[in-house]
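Spelled out from the first residue to the last, the chains are:
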Amino acid sequence: MTIIYAPEKGIQKPAKTTAYTAAALIKALKKLYDIDAQIKWINDIFINRKKVAGILTEGFTNFETNSIECAIIGIGINTNISEKEIPESLKKIATSISAEYPSIKINHNELAATIAGEVLRTLENDSPETMKLYKEKSFILGSTITVHPIIDNVESQYKAKVIDIDDEAGLVVQLADGTKKTLISGEVSLRSGEI
């Protein structure tokens, strides 16, 4: 599904849009199905340590005013794929709602409406409670990760320990030499076997 979020004053805090959407998706899954999903920074939703959903957010910039007028938020959720339909090569890393909870009957209209409502409410209400929920549901805090600042550039990858997620949804990591960095974008992966 795609949600277009266009507040009257534009997007004031673009870095939080994806994080807030993830928190809203967590709330929607809990509300509809009593599922306790988790978040892998910044845009992946997991159930039982397997990816069930992803979020991609893009901004539409007005180059005359140099402001972000709206966010286009894409949400993909694996819903009605049975466990036997998931390829063997993906069974340890990907899942669906039906694969994890076969008794849940999914109404896609209800799911989309609930998610859209939660996302829009969450984005409109810039609450510290949203980042608190985001942190509580993040399963990479305390983990050692590999940071991929430029995709497919092996030389620029490095290991770091996740120590926090700040109030602007930045991932705070500590490098081997003790220095700290705050990541605002990029891809991170856990060491094999930690997911």
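Only a predicted model underlies this, so the values are computations on that prediction, with no experimental measurement involved. (Residues numbered from 1 in each chain as written. Predicted model: local features only at pLDDT ≥ 70, side-chain atom pairs only at ≥ 80, totals over all residues. Heavy atoms only, no water.)

Peer 1: Just checking my understanding: could you explain the nonpolar core for this structure?
Peer 2: Ranked by internal contacts, the top residues of the largest apolar core, which has 50 residues, are L29, I45, I73, I97, Y134 and L171. By residue number, the principal contributor to this core is helix α1 (residues 14-33), which donates 9 residues. In contact with L171, other than residues within four places in its own chain, are W41, I140, I145, V162, D164, I165, K181, T182, L183 and V188. (Core = buried A, V, L, I, M, F, W, Y, C linked by side-chain atoms within 4.5 Å. Buried < 20%, exposed > 50% of the residue type's maximum accessible area, 1.4 Å probe, protein only. Helix = DSSP H or I, 4+ residues; strand = E, 2+ residues; numbered from the N terminus. Contact = heavy atoms within 4.5 Å.)

Peer 1: Looking at this structure, I do not really get the packing of aromatic side chains. What am I missing?
Peer 2: The geometry of an aromatic ring pair is captured by two quantities: the separation of the ring centres and the angle between the planes. Going through the model one piece at a time under the given rule, you end up with 1 aromatic pair. Pairing F46 with F139 gives two aromatic rings, centres 5.0 Å apart and planes at 65 degrees, and the pair type is edge-to-face. Remark: F139 occurs in the loop between α4 (128-137) and β6 (144-148) and F46 occurs in strand β3 (residues 44-47); sequence separation between them is 93 residues. Side by side, F46 and F139 carry an identical accessibility label, which is buried. (Phe/Tyr/Trp six-rings, centres within 6.5 Å; stacked < 30°, edge-to-face > 60°.)

Peer 1: How should I be thinking about the side chain of T122 in this particular structure?
Peer 2: Within the element layout of this structure, T122 appears in helix α3 (residues 108-124). Polar side-chain contacts of T122 include one of 2.7 Å to the backbone oxygen of E118. What T122 contacts, discounting residues up to four positions off in sequence, is Y20, A24, K27 and T130. (Polar contact = N/O pair within 3.5 Å; in protein donor to acceptor, adjacent residues only side chain to side chain.)

Peer 1: I keep staring at the sheet that holds β3 and nothing clicks. Help me out?
Peer 2: Sheet strands line up and pair through hydrogen bonds in the backbone, either parallel or antiparallel. Strands sit in the order β1-β5-β4-β3-β2 across an open sheet of 5 strands; the sheet is antiparallel. In this open sheet, the two edge strands, each paired with only one partner strand, are β1 (2-5) and β2 (38-40). Adjacent strand axes in the sheet meet at a mean angle of 25 degrees when their direction is disregarded. Judged from the 4 bridges that link them, β1 and strand β5 (residues 67-77) form a sheet pairing that is antiparallel. Across the sheet, the residue bridging to I3 is I73, located in β5. (Pairing = 2+ DSSP bridges. Axes fitted to C-alpha atoms, helices over the stretch in contact; angles between N-to-C directions.)

Peer 1: Whenever I open this one, the pattern of salt bridges confuses me. Can you help?
Peer 2: If charged atoms from side chains of opposite charge come close, those side chains can pair. Tallied over the full model, the rule gives 12 salt bridges. The shortest N-O distance in the salt bridge between D36 and K137 comes to 3.7 Å. Here D36, found in the loop between α1 and β2, pairs with K137, found in helix α4; they are 101 residues apart in sequence, far enough to count as distant. Of the charged contacts, one joins E88 and K91 as a salt bridge, the two residues approaching to 3.2 Å between their closest N and O atoms. Judged by relative accessible area, which is 63%, E88 ranks as exposed. Here K91 falls in the partly exposed class, since its relative accessible area comes to 24%. Salt bridges linked by common partners bring K30, D34, D36 and K137 together as one network. (Salt bridge = Lys/Arg side-chain N within 4 Å of Asp/Glu carboxyl O.)

Peer 1: Before we go on, may I ask you to explain the packing of α1 against α3 in this structure?
Peer 2: Helix-helix packing: each pair is described by the crossing angle between the helix axes and the interaxial distance. Put simply, α1 and α3 touch, their axes get as near as 8 Å, and they point 135 degrees apart. In terms of their interaxial angle, α1 and α3 are classed as oblique. Here the hand of the crossing between α1 and α3 comes out right-handed. Between α1 and α3, the contacting residues are T17, Y20, T21, A24, L25, K27, A28, L29, K31, L32 and Y33 on the first element and E110, L111, T114, I115, E118, V119, R121, T122 and L123 on the second. Residue composition of the contact of α1 with α3, by class: 11 nonpolar, 4 polar and 5 charged. (Parallel < 35°, antiparallel > 145°, perpendicular 65-115°, else oblique. Left-handed = near helix turned anticlockwise from the far one by under 90°. Nonpolar A, V, L, I, M, F, W, Y, C, P; charged D, E, K, R; others polar.)

Peer 1: Explain α4 here, please?
Peer 2: Buried within α4 we find T130, M131, L133, Y134 and K137. For α4, the arc enclosing every buried residue in end-on projection is 155 degrees, short of the 170-degree limit, so these residues lie on one face. Opposite the buried face of α4, by more than 90 degrees, sit the exposed residues P128, E129 and E136. Turning to α4, the residues buried within the fold contact α1, β2, α3 and β7 (158-165). (Arc of directions from axis to C-beta.)

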